[in-house]
Amino acid sequence: MRPIEPVTLSAEPIRLEPLSLDHVPGLQAAAADGELWDLRFTSVPAPAETLAYVETALAGQAAGHRLPFVVLDATTGEVLGSTSYHDIVPAIARVEIGYTWYAQRVQRSAVNTTAKLLLLTHAFETLGAQLVGWRTDNFNHASQRAIERLGAKRDGVLRHHALRRDGTVRDTVMYSLTVGEWPEVKAHLNWQLIRQRP
């Protein structure tokens, strides 16, 4: 697998750019749309935690196991949310997509489907990934449905796996998509985007 380096990916209606400290105010505004930090099973930062959230993401990038993106409106440049490649394992050409969240007003729109299409295309067709994975909280049913709509396969549940922000321990639902499954999933995602257009 090729090295995962900062890159800008774009397709209407969004642009994914490498996350930077300059994006902190925009991320704070996006998270405030729906007060997303109140959801106990997400990683969305509260306003006072946003700087540390970005610094942690950038530290993961410096360590080589994460590549964080900011999700922008392609026309206005407004920050809509964030997403990342993470748990990057070059030796087995595996990468996961996660730390994904969007302002409430763009949830269940073309934004997430487009972002996933961009990230999956780059992972499989440019980086040479053999498998892309996802993980989510067992109580985050909306996230599970969104991952399943992409065409990913549910691998199983890691019980008592990770701490939530409230100190409880979550079970983690794992999903994956292999390079062999990618052509059909790509065709389906493109069809979904065509169908969503007015």
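Here, the structure is the one placed above.
Residues numbered from 1 in each chain as written. Predicted model: local features only at pLDDT ≥ 70, side-chain atom pairs only at ≥ 80, totals over all residues. Heavy atoms only, no water.

Participant: Explain the environment of threonine 83 here, please?
Facilitator: Secondary-structure assignment places threonine 83 in strand 4 (residues 79–89). Judged by relative accessible area, threonine 83 falls into the buried class, the value being 0%. For the pair threonine 83 and methionine 1, spaced 82 residues apart in sequence, the C-alpha separation works out to 21 Å. Look past the residues within four positions of threonine 83 in its chain and what remains in contact with it is Leu16, Leu67, Pro68, Phe69, Val71, Ile97, Gly98, Tyr99, Thr100 and Leu119. Polar side-chain contacts of threonine 83 include one of 2.6 Å to the side chain of threonine 100. (Helix = DSSP H or I, 4+ residues; strand = E, 2+ residues; numbered from the N terminus. Buried < 20%, exposed > 50% of the residue type's maximum accessible area, 1.4 Å probe, protein only. Contact = heavy atoms within 4.5 Å. Polar contact = N/O pair within 3.5 Å; in protein donor to acceptor, adjacent residues only side chain to side chain.)

Participant: Please explain the sheet that holds strand 8 (residues 169–178) as it appears in this structure.
Facilitator: Whenever strands of a sheet pair, they do so through backbone hydrogen bonds, lying parallel or antiparallel. With mixed pairing, eight strands are arranged side by side in an open sheet as 1-2-3-4-5-6-8-7. Each of the sheet's edge strands pairs with one partner strand only, and the pair in question is strand 1 (9–11) and strand 7 (153–163). Averaged over all adjacent pairs, the angle separating strand axes in this sheet is 25 degrees, with direction ignored. In the sheet, strand 1 pairs with strand 2 (residues 14–18) via three bridges, with the strands oriented antiparallel. What sits directly across from alanine 11, in strand 2, is isoleucine 14. (Pairing = 2+ DSSP bridges. Axes fitted to C-alpha atoms, helices over the stretch in contact; angles between N-to-C directions.)

Participant: Just to check I follow, could you spell out the packing of helix 1 (residues 24–32) against helix 2 (residues 50–63) for this structure?
Facilitator: Pairs of packed helices are described in terms of their axes, by the angle between the two and the distance that separates them. Direction vectors running N to C along helix 1 and helix 2 enclose 120 degrees, while the axes themselves pass 9 Å from each other. As helix 1 runs across helix 2, the sense of the crossing is right-handed. Taking contact as the criterion, the partners of Val24, Leu27 and Gln28 in helix 1 are, on helix 2, Thr50, Leu51 and Val54. Within the contact of helix 1 with helix 2, the residues separate by chemical class into four nonpolar, two polar and no charged. (Left-handed = near helix turned anticlockwise from the far one by under 90°. Nonpolar A, V, L, I, M, F, W, Y, C, P; charged D, E, K, R; others polar.)

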